[in-house]
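Structure assessment
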2 protein chains.
Amino acid sequence: MTLTNWEDIRAEVQARIRLRLWAPGSVIPTEEALAYEFGCARATVSRALRDLAEAGVLERRRKAGTRVALHPVRKATLDIAVTRLEIEARGQVHGYHLIETMLAPAPMAVASRLGLAQGPDWLHLRSLHLADGVPFLYEDRWLNPSVLLDPVPDFAELSANEWLVMHVSYARGDIAFSAANASADEAGMLGVPLGTALFITERSTWGEAAPITFVRLAHAPGYRLHTAV
Amino acid sequence: MTLTNWEDIRAEVQARIRLRLWAPGSVIPTEEALAYEFGCARATVSRALRDLAEAGVLERRRKAGTRVALHPVRKATLDIAVTRLEIEARGQVHGYHLIETMLAPAPMAVASRLGLAQGPDWLHLRSLHLADGVPFLYEDRWLNPSVLLDPVPDFAELSANEWLVMHVSYARGDIAFSAANASADEAGMLGVPLGTALFITERSTWGEAAPITFVRLAHAPGYRLHTAV
DNA sequence: TATAATATTATGTCTGCGCATAATGGTCTT
DNA sequence: AAGACCATTATGCGCAGACATAATATTATA
């Protein structure tokens, strides 16, 4: 067999794992040996094996060699898009409605999440995203006011979500998904009965030094976060 | 400046994006130009830019060049581990309890998800995972009986979850996350009030040709799926 | 015998080169 | 002016060789 294409090599390696020619936990041949077998350069084999290692299928250590992962901690990748694009990708019309904006001290729960000294006034934004006119997402955001110095944006027109990705680059981010029963506030906004199970996304983002924003997104029932492995 | 390390180059590029030297949507210099500037080989720049493109920070097209992503569809990666390891990673003791196992025709909802003709008898397993003796996860699984030919495993001892990762390799998989109010069954199993919001994971896996399994995991309240970007 | 120094080995990375591929932009034709 | 054609160009991939690095295995030393 002669394979000189790294994606073909990746497929071949995956096939051998699936067929149990290489069992979980066992060491597979060295890059050099595989390069010889496939009739290609070592770099090409390396590219294929690195890709599988990043996906969690293989485990690699210098000198120790490459082995088939015993407990494949598969890396599933999620695509986190701007809300408007997510709705438009479903073929629906995006609507946006700012409910309230005010300056207030960030609550403990938010401050501690951001590693923030309690107290400073942050901008509190509450808004609703609609898909074809139907409530889709209730957004409760706390925003560091120091990031919007120059021309203070009009969040009634443009969602903070979009303004941020366009104007503020971040260094680190943090996302958590959970489930929660709809509060009275959330139930009213999304137009669902009190206590309905909602899919919650909480996102924190930091700049080089200071925190930028914390947002809690409550998705309308029926929402599914989807991925392939 | 002289950078010959691809990770340093990646950091430098990210810094330039964060500092708005390269604005979202704009085309950045070619690999060749950057290689000249950093005093390294083109392949090294390419490695750094490819990595950022895979993360969703850059968009690259042949001839058109490399540009800073306008709407950064950030790729968040989730680590999907075996339940036992997930619990042990929290420093808790894993417990497992098989509730019921029976052969029955897969319900419509499951069959359609797996692209299956309605009707065939599949193995239905219901089980509970415990963390430090407390209900952690209720597992409702449908399993293609043809994958467990030879020595039929004893699922009372070993969870189907673990048996599968050890004995059956899969070609494709599919994961969806959502929220749901606890059914009477789920509420009883997890020991929570009826209607409690539960975090639901649904996973389908296929072999080369035939489907292998479909599982619905209902997590006890408090569960959070976590990732960094 | 236990420990420290050393050699070995497989992966990780960089270099410089060439060719492949996909867009783009201009030119030529009708 | 519209469409077909072709040269150009930036990324994408592969190759061969070299050195770096981390982990292991071996040998030498106290």
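Quick summary incoming for the structure in this document. These numbers come from a predicted model, not from an experiment.

Turning next to the sheet that holds strand β6 (residues 134-143) of chain A. Taken in spatial order, the seven strands line up as β4(A)-β5(A)-β6(A)-β9(A)-β8(A)-β7(A)-β10(B) in an open sheet, and their pairing is antiparallel. The open sheet is flanked by β4 (94-105) of chain A together with β10 (225-228) of chain B, the only strands paired with a single partner. In this sheet, adjacent strand axes meet at a mean angle of 15° when their direction is disregarded. As defined by bridge partners, strand β5 (residues 121-131) of chain A adjoins β6 of chain A across nine bridges and the pair is classed as antiparallel. Looking at the pairing, Leu128 of chain A lines up with Tyr138 of chain A of β6 of chain A.

Right, let's get into the interface of chain A and chain B. Every contact between the two is made by 41 residues of chain A and, on the other side, 41 residues of chain B. Taken together, the elements giving at least two residues each to the side of chain A that touches chain B come down to α1 (6-18), β3 (74-80), α6 (160-167), β7 (172-181), β8 (197-206) and β10 (225-228) of chain A. For the side of chain A that touches chain B, the per-class residue count stands at 25 nonpolar, 10 polar and six charged. Of the pairings in the sheet, the one linking β7 of chain A to β10 of chain B comprises four bridges and is antiparallel in character. Opposite Ile175 of chain A, over in β10 of chain B, you have Thr227 of chain B as the bridge partner.

Glancing now at the relation of the copies chain A and chain B. With an RMSD of 0.1 Å, the operation that places chain A on chain B is a rotation of 180° combined with a shift of 0.0 Å along the axis. These values place the two chain copies in the arrangement generated by a two-fold rotation axis. Both copies present the same face, since 100% of the interface residues in chain A are matched by interface residues at the equivalent positions in chain B.

Here the focus is the protein's contact with DNA strand C. Looking at DNA strand C, there are 23 residues lining it, with Thr30 of chain A together with Trp6, Cys40, Ala41 and Thr44 of chain B nearest. Of all the secondary structure elements, the ones that give two or more residues to the surface near DNA strand C are α2 (31-38), α3 (42-54) and β2 (65-68) of chain A together with α3 (42-54) of chain B. Tallied by class, the residues present in the surface near DNA strand C amount to six nonpolar, seven polar and 10 charged.

About the cut-offs
- Residues numbered from 1 in each chain as written.
- Chains lettered and ligands numbered in written order.
- Predicted model: local features only at pLDDT ≥ 70, side-chain atom pairs only at ≥ 80, totals over all residues.
- Pairing = 2+ DSSP bridges.
- Helix = DSSP H or I, 4+ residues; strand = E, 2+ residues; numbered from the N terminus.
- Axes fitted to C-alpha atoms, helices over the stretch in contact; angles between N-to-C directions.
- Contact = placed C-beta atoms within 7 Å.
- Nonpolar A, V, L, I, M, F, W, Y, C, P; charged D, E, K, R; others polar.
- Least-squares fit on C-alpha atoms with pLDDT ≥ 70 in both.
- Near = placed C-beta within 6 Å.

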